[in-house]
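Residue-level listing of the chains:
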Amino acid sequence: MQIATWNVNSLAVRLPQLLDWLQAHPVDALVLQETKLTDEKFPAAELEAAGYHASFHGQKTYNGVALLTRSAHEGVIKNIPGFADEQARVIAGTVGGVRVVGGYFPNGQAPGSEKFAYKMAWLAALEAWLQQELAAHPKLVLLGDFNIAPEDRDVYDPVAWAGQIHCTAEERAHFQALQGLGLVDAFRLFEQPPKSWSWWDYRNLAFRKNQGLRIDHILVSQALEGQVAACTIDKAPRKNERPSDHAPVVLTLKD
DNA sequence: ATGCCTCCATCGTGGAGA
């Protein structure tokens, strides 16, 4: 079973690339972030023609998430129960006995800002909810654009980024709190190439210079850890014309 | 370096992203 995440930065723009990618990588489940589409504009028919069931939770201009699965999924939840949120950032569903929770974590803009406070409150609510989800669904995957670089080795220039957004002690403490729930960073279960990033700024030729951050993650529950066979970042779509600034991350589970 | 790119909303240009 393969489960993947991709921040597409506008599904309206990236749909052709998504369809190409799914044809080459027919993963069992894929969560999308930054679809930037209201639900009536979601390309459900095109994705169904490509062999995917889709659930989606979107809005105009910003945010927006989706869950695509080859077989039907059930138990869909949109956003964090009990956490009032105008922003469409979470979608969860169950497929093949695995609870899949996709998230577009808040950016946070800058430490001390209102958006940073929202990010902290959102993360606390996510953790409280996930504790219940894990109790109900021991086999759980949390994946998406976390907007957190968990360690200095996830940052191309940790000195320049020290204390900056994505790299603050507060954000990293929340990443550790998620690990404290029993979730494991699947990418780090394996030896990985140094300078492995999932996002490269559009500006400053960052991709060409491989100046990026690893902020898109796949965390697996303890009940699934033994089944993890691989976790890789697929840089290929970042080389497309008009690419997303993020690359997909793919988890492979043994049966 | 208040820069760089890309997208959205909108039709000239500002906000946001990370």
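What counts, and where the lines are drawn
Residues numbered from 1 in each chain as written. Chains lettered and ligands numbered in written order. Predicted model: local features only at pLDDT ≥ 70, side-chain atom pairs only at ≥ 80, totals over all residues. Heavy atoms only, no water. UniProt positions renumbered as here; feature names shortened; annotations may be inferred. Helix = DSSP H or I, 4+ residues; strand = E, 2+ residues; numbered from the N terminus. Contact = heavy atoms within 4.5 Å. Buried < 20%, exposed > 50% of the residue type's maximum accessible area, 1.4 Å probe, protein only. Near = heavy atom within 4 Å. Polar contact = N/O pair within 3.5 Å; in protein donor to acceptor, adjacent residues only side chain to side chain. Nonpolar A, V, L, I, M, F, W, Y, C, P; charged D, E, K, R; others polar. Pairing = 2+ DSSP bridges. Right-handed = clockwise from strand over helix to strand, strands pointing away. Expected span 1.5 Å × (residues − 1). Bend = angle between axes of the 7 residues up to and from the residue. Axes fitted to C-alpha atoms, helices over the stretch in contact; angles between N-to-C directions. Parallel < 35°, antiparallel > 145°, perpendicular 65-115°, else oblique.

An unreviewed UniProt entry lists chain A under the name Exodeoxyribonuclease III, with Inhella gelatinilytica given as the organism. In the Sequence similarities (unreviewed entry) part of its UniProt record, chain A is described as follows: "Belongs to the DNA repair enzymes AP/ExoA family."

### Points about the UniProt feature "domain: Endonuclease/exonuclease/phosphatase" (unreviewed entry) in chain A
Per the UniProt record, "domain: Endonuclease/exonuclease/phosphatase" (unreviewed entry) is found at residues 4-246. Between the C-alpha atoms that bound residues 4-246 the distance is 13 Å, and the span itself is 26% helix and 25% strand.

### Things to note about the UniProt feature "binding site: Mg(2+)" (unreviewed entry) in chain A
Here the UniProt-annotated "binding site: Mg(2+)" (unreviewed entry) positions come out as N7, E34, D145, N147, D245 and H246. A stretch of 240 residues holds the annotated residues, and the largest C-alpha distance among them is 12.8 Å, short enough that they meet in one place. Its location among the elements puts E34 in the loop between strand 2 (29-33) and helix 2 (44-49). When residues no more than four places from it in sequence are discounted, the contact partners of E34 are N7, V8, N9, S10, L11, N63, G64 and Y104. Looking at where H246 falls in the secondary structure, it is placed in the loop between strand 13 (228-233) and strand 14 (249-253). H246 gets classed as buried once you look at its relative accessible area, which sits at 4%. If sequence neighbours within four positions are ignored, H246 has contacts with W6, N7, D145, S198, W199, I215 and D216.

### Quick notes on unusual backbone geometry
In the Ramachandran plot, E34 falls in the positive-phi region, its phi being about 55° despite a non-glycine side chain. Here the phi dihedral of N210 falls at roughly 50°; this positive angle occurs in a residue that is not glycine. Residue position: N210 is located in the loop between strand 10 (199-200) and strand 11 (212-213).

### Thoughts on the protein's contact with DNA strand B
Surveying the vicinity of DNA strand B reveals 23 residues, the closest of which are S10, E34, K60, N107 and H166. Considering DNA strand B, the proportion of its atoms within 4 Å of the protein that are sugar or phosphate atoms stands at 75%. E34 places a polar side-chain atom, nitrogen or oxygen, 2.6 Å from a phosphate oxygen of DNA strand B. Measuring from a phosphate oxygen of DNA strand B, one finds a side-chain N or O atom of Y104 at 2.9 Å. Across the surface near DNA strand B, the residue classes tally to six nonpolar, nine polar and eight charged.

### Re the pairing of strand 2
A large share of strand 2 lies buried, amounting to five of its five residues. On strand 2, burial covers both faces: A29, V31 and Q33 on one face and L30 and L32 on the other are all buried. Here strand 1 (residues 2-7) pairs with strand 2 via five bridges, running parallel. Pairing of W6 across the sheet is with L32, part of strand 2. With helix 1 (residues 11-24) bridging strand 1 and its parallel neighbour strand 2, the resulting β-α-β unit is right-handed. By the bridge criterion, five bridges tie strand 2 to strand 4 (residues 65-69) in an arrangement that is antiparallel. For A29, the partnering residue across the bridge sits in strand 4 and is T69.

### Notes on helix 1
Note on helix geometry: an α-helix contains 3.6 residues per turn, so any two residues three or four positions apart are oriented the same way. Its 14 residues place the ends of helix 1 18 Å apart at the C-alpha level, agreeing with the 20 Å of an ideal helix rising 1.5 Å per residue. At Q17, helix 1 shows its maximal bend, which comes to roughly 35°. Buried within helix 1 we find L11, R14, L15, Q17, L18, W21 and L22. Turning to helix 1, the residues buried within the fold contact strand 1, strand 2, helix 2, strand 4 and strand 14.

### Description of the sheet that holds strand 13
Taken together, the six strands give an open sheet; going across it, the order is 3-4-2-1-14-13, and neighbouring strands pair in mixed fashion. Both edges of this open sheet fall to strand 3 (53-57) and strand 13, since each of them pairs with a single strand only. For this sheet, the mean inter-axis angle between neighbouring strands, taken without regard to orientation, is 10°.

### A word on the environment of A12
Checked against the element boundaries, A12 lands in helix 1. By relative accessible area, which is 56% here, A12 ends up exposed. Between the alpha carbons of A12 and L178 there is a distance of 32 Å; along the sequence they are 166 residues apart.

### Quick look at the packing of helix 3 (residues 114-136) against helix 5 (residues 169-180)
For the pair helix 3 and helix 5, the least separation of the axes is 10 Å and the interaxial angle reads 10°. When the axes of helix 3 and helix 5 are compared, the pair comes out roughly parallel. Side by side, helix 3 and helix 5 meet where F116, K119, M120, L123, A124, L126, E127 and L130 of the first sit next to E170, E171, H174, A177 and L178 of the second. For the contact of helix 3 with helix 5, a count of residues per class yields eight nonpolar, one polar and four charged.

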